[in-house]
There are 2 protein chains.
Amino acid sequence: MEERVTIRELARRSGVSVGTVSRALNGYADVRPETRERIMRLASELDYTPAAAARSLVTQRSHVIGVFMETGEGHPDLQHPFFHEVLGGLKQRVGREGFDLLLFASERPGGGYGPHSYLKRARHHSVDGCALIGLDPDDSEVRRLVRGEIPCVAIDMQLEGPNTEVVMSDNEAGAAEAVRHLHGLGHRRIATITGMIDSRPGVDRLRGYRNAIQELGLAYRDEYVRYGDFYAESAREATEKLLALPEPPTAIFAAADLMAIGAVRAAAEAGLSVPADLSVVGFDDIQLAPHVNPPLTTLRQDKLGLGAAAGDALVARIAGDPERPQLRTLPVELVVRGSTAAP
Amino acid sequence: MEERVTIRELARRSGVSVGTVSRALNGYADVRPETRERIMRLASELDYTPAAAARSLVTQRSHVIGVFMETGEGHPDLQHPFFHEVLGGLKQRVGREGFDLLLFASERPGGGYGPHSYLKRARHHSVDGCALIGLDPDDSEVRRLVRGEIPCVAIDMQLEGPNTEVVMSDNEAGAAEAVRHLHGLGHRRIATITGMIDSRPGVDRLRGYRNAIQELGLAYRDEYVRYGDFYAESAREATEKLLALPEPPTAIFAAADLMAIGAVRAAAEAGLSVPADLSVVGFDDIQLAPHVNPPLTTLRQDKLGLGAAAGDALVARIAGDPERPQLRTLPVELVVRGSTAAP
DNA sequence: TTGTAGGCGTTATCAT
DNA sequence: ATGATAACGCCTACAA
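Definitions and cut-offs
- Residues numbered from 1 in each chain as written.
- Chains lettered and ligands numbered in written order.
- Predicted model: local features only at pLDDT ≥ 70, side-chain atom pairs only at ≥ 80, totals over all residues.
- Heavy atoms only, no water.
- Helix = DSSP H or I, 4+ residues; strand = E, 2+ residues; numbered from the N terminus.
- Buried < 20%, exposed > 50% of the residue type's maximum accessible area, 1.4 Å probe, protein only.
- Contact = heavy atoms within 4.5 Å.
- Areas by Shrake-Rupley, 256 points an atom, 1.4 Å probe, with all protein chains shown as cover.
- UniProt positions renumbered as here; feature names shortened; annotations may be inferred.
- Least-squares fit on C-alpha atoms with pLDDT ≥ 70 in both.
- Domains from an automatic or database assignment.
- Near = heavy atom within 4 Å.
- Polar contact = N/O pair within 3.5 Å; in protein donor to acceptor, adjacent residues only side chain to side chain.
- Nonpolar A, V, L, I, M, F, W, Y, C, P; charged D, E, K, R; others polar.
- Salt bridge = Lys/Arg side-chain N within 4 Å of Asp/Glu carboxyl O.
- Buried area = accessible area lost by both parts, 1.4 Å probe.
- Pairing = 2+ DSSP bridges.
- Phe/Tyr/Trp six-rings, centres within 6.5 Å; stacked < 30°, edge-to-face > 60°.
- Lys NZ or Arg CZ within 6 Å of the ring centre and 35° of its normal.
- Axes fitted to C-alpha atoms, helices over the stretch in contact; angles between N-to-C directions.

Colleague: Now, about the overall build of chain A: what can you tell me, with residues and values included?
Modeller: Across its full length, chain A carries twelve helices and twelve strands. Along the longest, intermediate and shortest principal axes, the C-alpha atoms of chain A span 90 × 45 × 40 Å. The burial tally for chain A puts 56% of its 343 residues in the buried class. Partitioning the intrachain contacts of chain A with sequence separation of at least 6 by distance along the chain shows that 67% fall at a separation of at least 24. In the form shown here, chain A has an accessible surface area of approximately 14,000 Å², with 49% of it arising from carbon and sulfur atoms.

Structure (structure tokens):
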């Protein structure tokens, strides 16, 4: 059983006090060059590793960012590819700044007392900040968290708190652009399948759709908006119904790529082919979008960028910079591929 | 600025010593019921939250599992859907046992001294165990990590260490089953697109393919095995070449769903339709598999199960149970959908 | 049953 | 430039 080599051990072996060792290691100016040199060498020889717990206990900084990430009912944890890519961006960004990510998994961390609570879990680990991904913004525990003293950033959810920021894509503009693209191709009967309508992206994309329809002088038809949940299956069913309409749409804007894929699938099952018989545009530009058949025309969210922006926000706030916008919106980009064509 | 309520505060307010408070909170037997009651109530009133750092400093247990997860060259972090699902399984499983996950992001945690090193990062945070996902098993730092004192579990990679276990799917059997399925359908010219051949799953699936070809009395043809990298694009190119062969295959076993999707795409581009002109079977059963067009016939890996098995292994080893197999193999299951048919 | 005190590994504040 | 020494918040013998 190797004993952990501590700062005391270094002090003993190098014949100085622990205080000096600490200063040497942390690059303080007031330590004689040769002393520092000696200590540094010894540290690397012994492969000394500082204990984060001890350090954070005294500095009150853990250099850890907590991540709360779950997805809705019936869609077990961590399932939507979109979130993962965002997480990747976050990871990269905060990593560069010396932070690690704590993915909260347990509701009673450490087998500890009492039930869970977001705030409690975050405090328990003394995280310096929190990223909220795919949570329900109306959850009272989430609200308590963002009202607390810990800097938070919410991705794709509307949330307010003294120390929290929100980052999301410009969903409304993107949706409108989707419709305009379809219209430009010559489509006039354009339907939409929405995301979960109790989520900010869900309503924003629907709003964008409506605005564009109106702005283009198209008739708004109730039967052309179907409610989905961001996942494939819901869109498949919705598309079935859409296609069964007396006057079916010639194009569908699905508020997520997963749903666009579901729509394509439903079309195929109905004997229709995309884009020949039906155009479909998605939203997200998930990794698979270019690879499915046909390749998806979609609105690209800058997923890494969202994660990075979230990381930025946290790092800045943790550093004590309060001058930050409450909401940060990232542009989306239309990517035209094979799932859309003239009617 | 709210002051953190500590155990001392609880002691002061409840008129007992910190020792008693600690014992009460941790459910020791030797504390008078009414005393405990009083303390517990006070704790919950004040919303007391223990500090993980302080506790782990003294107990030498952090209740945190470190996760190292990256993917190969040119495929930025966290990209392969397979890994995410595994992570989900791991998260669930260890969460139930009171562990959280630390997703290592920084190479110089805490802005600390010296360069990174897996082992160092793990020690720095005093994680109780480590999960290794999508790493290069030949990396010398990875090897150092698994030779260390920290319990490790490697997913989908071959690795040996005194305190490490490996979990993976039965890739060989699965690949063989894919070939047999195709053969049963009547196919005789069956090609394969491999995964990265320097990875254990990559070679195992290739081996399974070879075994089955042989066992079925089919001729093994060199030109029928193409090397891919588990991602879509590589399979698309491979398929192009396969289809350009003087005697092209009538079926392809792609060693990953992403590659199967790439293959389907290439077929479409060549004017062929799946499964009418070409059968394709994948591996993984990613979330999208049932939703793409056509729905993928594939070998389902129990991704949540892999994550859970990994969690199990870690939790048990952390608890000090050494009686464990070094390698744990999970069965895969053939899922027949729409991408395969008789030739 | 409860209090006291030492220690976990660091950093930080004083002196010196 | 360096050494003591006191925190940080908690657990756990050992005493009482």
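Colleague: Which residues make up the UniProt feature "domain: HTH cro/C1-type" (unreviewed entry) in chain A, and what are the values?
Modeller: As annotated by UniProt and renumbered to match this structure, "domain: HTH cro/C1-type" (unreviewed entry) occupies residues 6-53 of chain A. Its end C-alpha atoms 13 Å apart, residues 6-53 of chain A is made of 65% helix and 0% strand.

Colleague: Lay out the relation of the copies chain B and chain A with the relevant residues and their values.
Modeller: When chain B is fitted onto chain A, the two copies agree to an RMSD of 0.0 Å after a turn of 180° and an axial shift of 0.0 Å. As the rotation angle and translation indicate, the two copies are arranged about a two-fold axis. Mapped onto chain A, 100% of the interface residues of chain B again fall at the interface, so both copies present the same surface.

Colleague: Break down the domain arrangement of chain A for me, citing the residues and quoting the values.
Modeller: Domain annotation for chain A reports domain 1 (7-50), domain 2 (64-169 + 305-330) and domain 3 (171-300). Centre-to-centre separation of domain 1 of chain A and domain 3 of chain A, based on C-alpha positions: 62 Å.

Colleague: An account of the protein's contact with DNA strand D is needed here, citing residue identities and associated values.
Modeller: Taken together, 29 residues sit near DNA strand D, with A:Ser17, A:Thr20, B:Ile7, B:Tyr28 and B:Tyr48 positioned nearest. Taking A:Thr35, its side chain carries an N or O atom lying 2.8 Å from a phosphate oxygen of DNA strand D. Elements supplying a minimum of two residues to the surface near DNA strand D: α2 (18-25) and α4 (52-59) of chain A together with α1 (7-14), α2 (18-25) and α4 (52-59) of chain B. With four residues, α4(B) is the largest single contributor of residues to the surface near DNA strand D. For the surface near DNA strand D, the residue count by class is twelve nonpolar, eleven polar and six charged.

Colleague: How would you sum up the protein's contact with DNA strand C? Please name residues and give values.
Modeller: Around DNA strand C, 28 residues are found, and the nearest of them are A:Ile7, A:Tyr28, B:Thr20, B:Arg23 and B:Thr35. A share of 66% is what sugar and phosphate atoms reach among the atoms of DNA strand C within 4 Å of the protein. If you list the elements that add at least two residues to the surface near DNA strand C, you get α1 (7-14), α2 and α4 of chain A together with α2 and α4 of chain B. Considering each element in turn, the surface near DNA strand C owes the most residues, four residues, to α4(A).

Colleague: Explain the pattern of salt bridges to me, and be specific about the residues and the numbers.
Modeller: All chains considered together, the criterion is met by 54 salt bridges over all chains. The partner of A:Lys120 in a salt bridge is B:Asp47, and the shortest N-O contact between them spans 3.3 Å. Taken together, the positions of A:Lys120 in helix α6 (residues 118-124) and B:Asp47 in the loop between α3 (33-45) and α4 put the pair across two chains. Here B:Glu269 and B:Arg265 are joined by a salt bridge, their closest N and O atoms 2.9 Å apart. In this pair, B:Glu269 and B:Arg265 are both assigned in helix α11 (residues 257-269), four residues apart and thus about one turn of the helix distant. Given the relative accessible area of 41%, B:Glu269 is considered partly exposed. One salt-bridge network, held together by shared partners, links A:Asp47, B:Lys120, B:Arg123, B:Glu141, B:Arg144 and B:Glu149.

Colleague: Explain the interface of chain B and chain A to me, and be specific about the residues and the numbers.
Modeller: Listed per partner, the contact involves 69 residues of chain B and 69 residues of chain A. Taking both sides of the interface into account, the surface hidden between chain B and chain A amounts to around 6,100 Å²; carbon and sulfur atoms contribute 57%. Taking the shortest distance from any N to any O, the salt bridge between B:Asp47 and A:Arg123 comes out at 3.5 Å. For the pair chain B and chain A, the interface holds 24 residue pairs in polar contact (both at pLDDT 80 or more). Those elements giving two or more residues to the side of chain B that touches chain A turn out to be α4, β1 (64-69), α5 (81-96), β2 (100-103), α6 (118-124), α10 (232-243) and α11 of chain B. Ranked by residue count, the leading element in the side of chain B that touches chain A is α5(B), at ten residues. Looking at the side of chain B that touches chain A, its residues break down into 34 nonpolar, 19 polar and 16 charged. Pairing geometry for strand β2 (residues 100-103) of chain A and β2(B), over three bridges, is antiparallel. Considered in β2(B), the bridge of A:Leu101 is made with B:Leu103.

Colleague: I'd like a description of the packing of aromatic side chains, backed by residues and values.
Modeller: In this structure the tally under the stated criterion is eight aromatic pairs over all chains. When the ring centre of A:Phe283 is taken as reference, the NZ or CZ atom of A:Arg205 above it lies at 3.9 Å.

Colleague: So, the UniProt feature "domain: HTH lacI-type" (unreviewed entry) in chain A: which residues are in play, and what are the values?
Modeller: The feature "domain: HTH lacI-type" (unreviewed entry), as given by UniProt, occupies residues 5-59 of chain A in the numbering adopted here. Between the C-alpha atoms that bound residues 5-59 of chain A the distance is 21 Å, and the span itself is 67% helix and 0% strand.

Colleague: Any chance you could break down the sheet that holds strand β9 (residues 279-284) of chain A for me, citing the residues and the numbers?
Modeller: Residues and elements named next belong to chain A. Strand order in the open sheet made by the six strands is β7-β6-β8-β9-β10-β12, with mixed pairing throughout. For this open sheet the edge positions go to β7 (225-227) and β12 (333-335), each flanked by a neighbour on one side alone. Neighbour-to-neighbour, the strand axes of the sheet open up by a mean angle of 20°, direction not taken into account. Those strands touched by helix α8 (residues 171-185) are β6 (190-194), β8 (251-254), β9, β10 (297-300) and β12, and its axis lies near 160° from that of β9.

Colleague: Tell me about the sheet that holds strand β3 (residues 129-133) of chain B, and name the residues and values.
Modeller: Taken together, the twelve strands give an open sheet; going across it, the order is β11(A)-β5(A)-β4(A)-β3(A)-β1(A)-β2(A)-β2(B)-β1(B)-β3(B)-β4(B)-β5(B)-β11(B), and neighbouring strands pair in mixed fashion. The open sheet has two edge strands, β11 (327-330) of chain A together with β11 (327-330) of chain B, and neither has a second partner. Here the strands of the sheet are splayed against their neighbours by 20° on average, with no regard to which way each runs. Across four bridges, β1(B) lies against β2(B) in parallel orientation. From the neighbouring strand, B:Val64 faces β2(B), where its bridge partner is B:Asp100. Packing against the sheet, helix α12 (residues 303-318) of chain A makes contact with β1 (64-69), β3 (129-133), β4 (152-155), β5 (164-169) and β11 of chain A, and its axis sits at approximately 165° to β5(A).

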